[in-house]
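For reference, the chains in residue letters:
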Amino acid sequence: MKSRKYAVCLGVSALALMVPTLPALADATSDGIAHYRELLAEGNPAELWEMRGEELWREARGPKKATLEQCDLGQGAGVVKGAFVTLPRYFADTKRVQDLESRLLTCMETLQGIPAAEVAATPFGKGEQENIEALVAWISAESRGMQFNVPTSHPEEKRMYEVGKRAFHFRGGPHDFGCVTCHGDDGKRIRLQDLPNLTQPADAARGFGAWPAYRVSSGELWSMQRRLNDCFRQQRFPYPLYGSDVTIALSTYLGVTANGAGESIAPAIKR
Amino acid sequence: MNTQRRQALKSGGALGLFGVLVAAGLVTAEEARAAGWDKPAFDAKTMDDALKALGAGKPGESSDIMLNAPDIAENGAVVPVGVKSSLPGTEFIAILIEKNPSMLAASFTLPDGTPGDISTRVKMGQTSSVYALVKADGKYFMVSKEIKVTLGGCGG
Amino acid sequence: MAGPMRIRAASNGTETEVKVLMSHEMETGQRKDPSGALIPAHHITELTATHNGRVVLSGQFGPAVSKNPYLQFRFKGGAKGDKVTVSWVDNKGDKRSDEVVVS
């Protein structure tokens, strides 16, 4: 059942990429959809995750019965405001560039004693993953309205940016797709979905800066990794491991591209 | 005398007894649930049956009711619908969706002092007319609007 | 079981506007799980909003109200510091009640 739907989707996506939509028709539709999104913006259920996330940050949990209040997201221990728009970044304690999700895994393991590998292996929307989704909702909301300012001063940050850029442009799989196939030109769309040109600052800020987001179609909060995984699926690539370097590299590339080009609206509400 | 309870009981006419009693802490929610939820109306499969179950008969038209909803919904799982009635004495508002398996989506009872202005979100299986039914001063009125539902692309 | 609601109530001096997000599956009873079995309906049936103990809105939901329901309405009166409470029950008897102070 699932695989049949998948096959239909495949046909549609590949076709839509090749056939331009009639401009007039598309514009009327776009206006209608813009109105729909405007009406939805009020009362974004992501707020339910934000509430839970704030509680989780302060709740003593895990084998060590500790809170996350001493977690360093890059702005100093316990500083949450403004952290989201400066991630991914290099952390001296782990000697790695980390995005928000992989950094949370580190904090949960070191502070609370919750094994990172177990969390990473948990399916989205379940158990500790659900907790991470709540945490990223709250943490990103604390940077709402701030410009992206993802650092590239450390050599590791520069390297991750370059790796991310290469990963973005790498094509492969049964359709010879890469991120760039769907997100490398202005004005592309698949059916009614406008595809942001993520190589351009303004679109990168809009597209990257909306996630994590409440996903209307599933009624769940999707983290950035889940968003990217879904694109890996559309690209017929295998899913990257949770918190793995390819995800972080792609986020570094998108985040740096978005720098100064728009305000973070995460957690947004998305189709 | 418990003024809170008395106030709650006073507004009983418009609310249905059980809603009031729950609010006043006199009956449990379970007791109210059995008696309160209008199952026949929510089970109705046709407009005639739904209107009959709601006691609305043949509602009239009114230009004093606004249905605020998009022309197109990107996803039928979440369709924003707002109903605004400037009819004096608006006491009840219901939202019905013609092509859903059961037409009635939600209904609201508005005591004195609560204006006819409510927004919520509903599911739509397909493109359909959406109806706002309003009871004001004992009379029923209805307006409608067609909302297109696109299935959207893939993913998720 | 069900998480807390997010309630906002803001007074403009003459009226109070209330916005509520509820955490609920709102399962229709028409969907099938991966094994093909029907997932039973599970949805909020009734809700009540009170202001300082007086009912200002009561509602009934069917399964066609969206998952994680959103509701917005107004009532006359209400001042900063007053209490607004929203309560719901669902078809399985689960219930939830949350309170917020008017801002």
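Residues numbered from 1 in each chain as written. Chains lettered and ligands numbered in written order. Predicted model: local features only at pLDDT ≥ 70, side-chain atom pairs only at ≥ 80, totals over all residues. Heavy atoms only, no water.

Trainee: Tell me about the side chain of T181(A), residues and numbers included.
Mentor: Residues and elements named next belong to chain A. Along the chain, T181 falls in helix α8 (residues 179–183). Using a relative accessible area of 11% as the deciding quantity, one classes T181 as buried. Among the polar contacts made by the side chain of T181, one reaches the main-chain amide nitrogen of G178 at a distance of 2.7 Å. Apart from the residues within four sequence positions on either side, T181 is in contact with R171, D176 and K188. (Helix = DSSP H or I, 4+ residues; strand = E, 2+ residues; numbered from the N terminus. Buried < 20%, exposed > 50% of the residue type's maximum accessible area, 1.4 Å probe, protein only. Polar contact = N/O pair within 3.5 Å; in protein donor to acceptor, adjacent residues only side chain to side chain. Contact = heavy atoms within 4.5 Å.)

Trainee: Explain unusual backbone geometry residue by residue, including any values.
Mentor: Residue P88(A) follows L87(A) across a cis peptide bond; omega there is 0°. Within the fold, P88(A) resides in the loop between α3 (46–58) and β1 (89–91). The residue after A266(A), namely P267(A), is reached through a cis peptide bond having omega -5°. Mapped onto the secondary structure, P267(A) falls in the loop between α11 (245–258) and β7 (268–270). Positive phi outside glycine occurs at K65(A), with the angle close to 45°. Examined against the element boundaries, K65(A) turns out to sit in the loop between α3 and β1. Judged by relative accessible area, K65(A) falls into the exposed class, the value being 66%. Unusually for a residue other than glycine, N52(C) sits at a positive phi of about 45°. Position of N52(C) among the secondary structure elements: in the loop between β3 (44–51) and β4 (54–61). Under the relative-accessibility criterion, N52(C) is labelled partly exposed at 40%.

Trainee: Kindly report on helix α4 (residues 100–112) of chain A, identifying the contributing residues and their values.
Mentor: Each α-helix winds once per 3.6 residues, and so residues spaced three or four apart point in a common direction. Residues and elements named next belong to chain A. In this model α4 runs 17 Å from its N-terminal to its C-terminal C-alpha over 13 residues, within 8% of the 18 Å that 1.5 Å per residue would give. In terms of burial, α4 is a largely internal element, ten of the 13 residues being buried. Listing the buried residues of α4 in full gives L100, E101, S102, R103, L104, L105, T106, C107, M108 and Q112. The first or second residue beyond α4 is G113, which carries a positive phi of 75°. (Expected span 1.5 Å × (residues − 1).)

Trainee: Please give an account of the sheet that holds strand β1 (residues 6–11) of chain C that cites residues and values.
Mentor: Pairing is antiparallel in the open sheet, where six strands are placed in the order β1(B)-β3(B)-β6(B)-β5(C)-β2(C)-β1(C). The outermost strands of the open sheet, each flanked by one partner alone, are β1 (65–68) of chain B together with β1 of chain C. Geometrically, the sheet is characterised by an average inter-axis angle of 15° between neighbouring strands, direction not taken into account. For β1(C) and strand β2 (residues 15–21) of chain C, the ladder comprises six bridges, and the chain directions are antiparallel. (Pairing = 2+ DSSP bridges. Axes fitted to C-alpha atoms, helices over the stretch in contact; angles between N-to-C directions.)

Trainee: So what about the confidence of the model for chain B? Which residues, and what values?
Mentor: Residues and elements named next belong to chain B. Mean pLDDT for chain B: 81, with 74% of residues reaching 70 or above. Confidence drops under a pLDDT of 50 for residues 1–17, and excluding neighbours within four residues, the segment shows 18 contacts in the predicted structure. Taken over the whole predicted complex, pTM reads 0.85, whereas the ipTM for its chain interfaces reads 0.95. (pLDDT = per-residue confidence, 0-100.)

Trainee: Break down the sheet that holds strand β4 (residues 90–97) of chain B for me, citing the residues and quoting the values.
Mentor: Strand order in the open sheet formed by nine strands is β2(B)-β8(B)-β7(B)-β4(B)-β5(B)-β4(C)-β3(C)-β6(C)-β7(C), with mixed pairing between adjacent strands. With partners counted over all chains shown, the strands left at the sheet margins are β2 (72–73) of chain B together with β7 (95–101) of chain C, one partner each. In terms of strand pairing, strand β6 (residues 83–90) of chain C meets β7(C) through seven bridges, oriented antiparallel. From the neighbouring strand, T85(C) faces β7(C), where its bridge partner is E99(C).

Trainee: Describe the state of the cysteines, naming the residues involved and giving the relevant values.
Mentor: Here, disulfide denotes a covalent bond that connects the sulfur atoms of two cysteines. Residues and elements named next belong to chain A. One pass over the structure, following the stated rule, counts one disulfide over all chains. Disulfide partner of C71: C107, at an S-S distance of 2.1 Å. Across the S-S bond linking C71 and C107, the dihedral sits near 75°, which makes this disulfide right-handed. Residue C71 is found in the loop between α3 and β1, and its partner C107 is found in helix α4; the two are separated by 36 residues along the sequence. We classify C71 as buried; its relative accessible area is 1%. Between C179, a cysteine without a disulfide, and C231, which holds the nearest cysteine sulfur, the sulfur-to-sulfur distance is 7.3 Å. Exposure remark for C231: the relative accessible area of 22% places this residue in the partly exposed category. (Disulfide = S-S within 2.5 Å.)

Trainee: Go over the side chain of H183(A) with me, naming the residues and quoting the values.
Mentor: Residue and element names in this part refer to chain A. By secondary structure assignment, the location of H183 is in helix α8. Reaching out from H183, the side chain makes a polar contact with the backbone oxygen of P196 at a distance of 3.1 Å. Those residues in contact with H183, other than ones at most four positions away along the chain, are F168, L195, P196, N197, L198, T199 and C231.

Trainee: Before we move on, could you go through the packing of aromatic side chains and cite the residues and values that matter?
Mentor: Residue and element names in this part refer to chain A. Taken as a whole and judged by the stated rule, the model has twelve aromatic pairs over all chains. Between F170 and F237, the ring centres sit 6.4 Å apart and the planes meet at 70°, which makes this aromatic pair edge-to-face. Here the residue F170 occupies a position in the loop between α7 (155–169) and α8, and F237 occupies one in the loop between α10 (224–234) and α11, the gap between them amounting to 67 residues. Every member of this aromatic cluster is reached through a ring pair, and the members are F84, F148 and F208. Lying over the aromatic face of W211, R227 brings its terminal NZ or CZ to 5.1 Å of the ring centre. (Phe/Tyr/Trp six-rings, centres within 6.5 Å; stacked < 30°, edge-to-face > 60°. Lys NZ or Arg CZ within 6 Å of the ring centre and 35° of its normal.)

Trainee: Kindly report on the interface of chain C and chain B, identifying the contributing residues and their values.
Mentor: Contacts between the two partners involve 36 residues from chain C, matched on the other side by 37 residues from chain B. Here chain C meets chain B over a buried area of about 3,000 Å², counting both sides, of which 53% is carbon and sulfur. When the buried surface of chain C facing chain B is broken down by residue, Q60(C), A64(C) and R74(C) rank first, second and third, together holding 20% of it. Linking chain C to chain B there are one salt bridge. As a salt-bridge pair, D117(B) and R74(C) come within 2.9 Å of each other at their nearest N and O atoms. There are 19 residue pairs in polar contact (both at pLDDT 80 or more) connecting chain C and chain B. Secondary structure elements with two or more residues in the side of chain C that touches chain B: β3, β4, β5 (70–76) and β6 of chain C. With eight residues, β4(C) is the single largest residue contributor to the side of chain C that touches chain B. Of the residues contributing to the side of chain C that touches chain B, the split by class is 13 nonpolar, 14 polar and nine charged. (Buried area = accessible area lost by both parts, 1.4 Å probe. Salt bridge = Lys/Arg side-chain N within 4 Å of Asp/Glu carboxyl O. Nonpolar A, V, L, I, M, F, W, Y, C, P; charged D, E, K, R; others polar.)

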